[in-house]
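# Analysis of the macromolecular model
These are the residues of each chain, in order.
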Amino acid sequence: MKDIYKVIIIIIAICGIAFVAYSSFSLVQEDQELLNYGDDFSIYSTNKSMELKDNVDVSKDVNISSGKYVLVIDSNAKWKIDYSVDGKSYQKEGNGKGNISLGTISSNAKINYNQLTNGSSNLEVYDSKNNFVASIYQSGKTVKIHYNLNVK
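Computed from a prediction, not measured in an experiment: that's the story for all the values here.

With 23 residues, the main nonpolar core has Leu71, Ile81, Leu102, Ile105, Ile111, Tyr147 and Leu149 as its most contacted residues. If you list the elements that add at least two residues to this core, you get strand E2 (57-64), strand E3 (67-75), strand E4 (78-85), strand E6 (98-105), strand E7 (108-115), strand E8 (119-127), strand E9 (132-140) and strand E10 (143-151). It is E4 that contributes the most residues to this core, 4 residues altogether. Those residues in contact with Leu149 that lie beyond four places of it in its chain are Val62, Ile64, Leu102, Ile105, Ser107, Asn108, Ala109, Ile111 and Val125.

In structure tokens form, the structure reads like this:
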């Protein structure tokens with residue numbers, strides 16, 4: 001009788017180990033799928049956000065409504081930004097965090113952000129009611145991010 005109990009315990013132990021191994025494999029596969037999700041720039045825009053890991057020069061078009069907008073820069077690097085709102089050009093330089101009021105956008109805004117030193121940058125756009133519009137996060141040596149905010 002004791003041998004039957006030993007066999008049952010061994011079978012239960014093997015099933016438990018198999019379950020743990022399968023669960024771990026499933027989590028690794030899921031993480032891999034999430035990593036691959038960000039590789040294709042065109043499909044990584046479901047929430048109008050984008051995360052990039054290499055030194056890149058990237059453009060992002062975002063449709064917006066006419067109104068006031070703010071660009072929030074969260075960076076630990078030196079940066080320079082050239083931007084235009086409805087054809088009027090501006091330029092700003094900084095190091096670290098900063099907010100730039102884009103004012104009222106009637107037709108479009110073009111933002112050219114250059115991270116000049118090694119570090120990371122997160123650019124977020126908010127409307128006048130502090131509603132999230134879009135973001136791009138990037139870490140690397142140098143980064144160039146181009147936003148086109150188009151009123152539709």
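From this point, the discussion proceeds with the structure in view.
This paragraph deals with unusual backbone geometry. One non-glycine residue with positive phi stands out, namely Asp86, at about 50°. Residue classification places Asp86 among the partly exposed positions, given a relative accessible area of 32%. Even without a glycine there, the phi angle at Asn130 is positive, about 65°. Looking at where Asn130 falls in the secondary structure, it is placed in the loop between E8 and E9.

Here the focus is the pattern of salt bridges. Under the criterion given, the structure shown has 1 salt bridge. Here Asp74 makes a salt bridge to Lys97, at a shortest N to O gap of 3.9 Å. Of this pair, Asp74 sits in strand E3 while Lys97 sits in the loop between strand E5 (88-95) and E6, and the two are 23 residues apart along the sequence. Take Asp74: its relative accessible area is 36%, and that puts it in the partly exposed class. Classification of Lys97 as exposed rests on a relative accessible area of 65%.

Nonpolar side chains collect at one region of the surface, where Ile4, Tyr5, Ile8 and Ile12 lie side by side and expose about 420 Å² of accessible area between them. Looking at the secondary structure, you find Ile4 in helix H1 (residues 2-37).

Here we take up the side chain of Gln115. Relative to the helices and strands, Gln115 is located in strand E7. In terms of polar contacts, Gln115 uses its side chain to reach the backbone carbonyl oxygen of Gly119, at 3.1 Å. A distance of 2.6 Å separates a polar atom in the side chain of Gln115 from a polar atom in the side chain of Ser121.

Our focus in this paragraph is the packing of aromatic side chains. Scanning the entire structure with this criterion turns up 3 aromatic pairs. On the basis of an interplanar angle of 20° and a centroid distance of 5.1 Å, the ring pair of Tyr83 and Tyr90 is categorised as stacked. Accessibility expressed as a relative area gives 10% for Tyr83, which makes it buried. Here the aromatic rings of Tyr126 and Phe132 are separated by 6.1 Å at their centres, their planes lie at 75°, and the arrangement is edge-to-face. When its relative accessible area of 18% is taken as the criterion, Tyr126 is described as buried. We classify Phe132 as partly exposed; its relative accessible area is 38%.

Analysis parameters
Residues numbered from 1 in each chain as written. Predicted model: local features only at pLDDT ≥ 70, side-chain atom pairs only at ≥ 80, totals over all residues. Heavy atoms only, no water. Core = buried A, V, L, I, M, F, W, Y, C linked by side-chain atoms within 4.5 Å. Buried < 20%, exposed > 50% of the residue type's maximum accessible area, 1.4 Å probe, protein only. Helix = DSSP H or I, 4+ residues; strand = E, 2+ residues; numbered from the N terminus. Contact = heavy atoms within 4.5 Å. Salt bridge = Lys/Arg side-chain N within 4 Å of Asp/Glu carboxyl O. Patch = residues over 30% accessible without salt bridge, like charges linked within 9 Å, V, L, I, M, F, W, Y side chains within 5 Å. Areas by Shrake-Rupley, 256 points an atom, 1.4 Å probe, with all protein chains shown as cover. Polar contact = N/O pair within 3.5 Å; in protein donor to acceptor, adjacent residues only side chain to side chain. Phe/Tyr/Trp six-rings, centres within 6.5 Å; stacked < 30°, edge-to-face > 60°.

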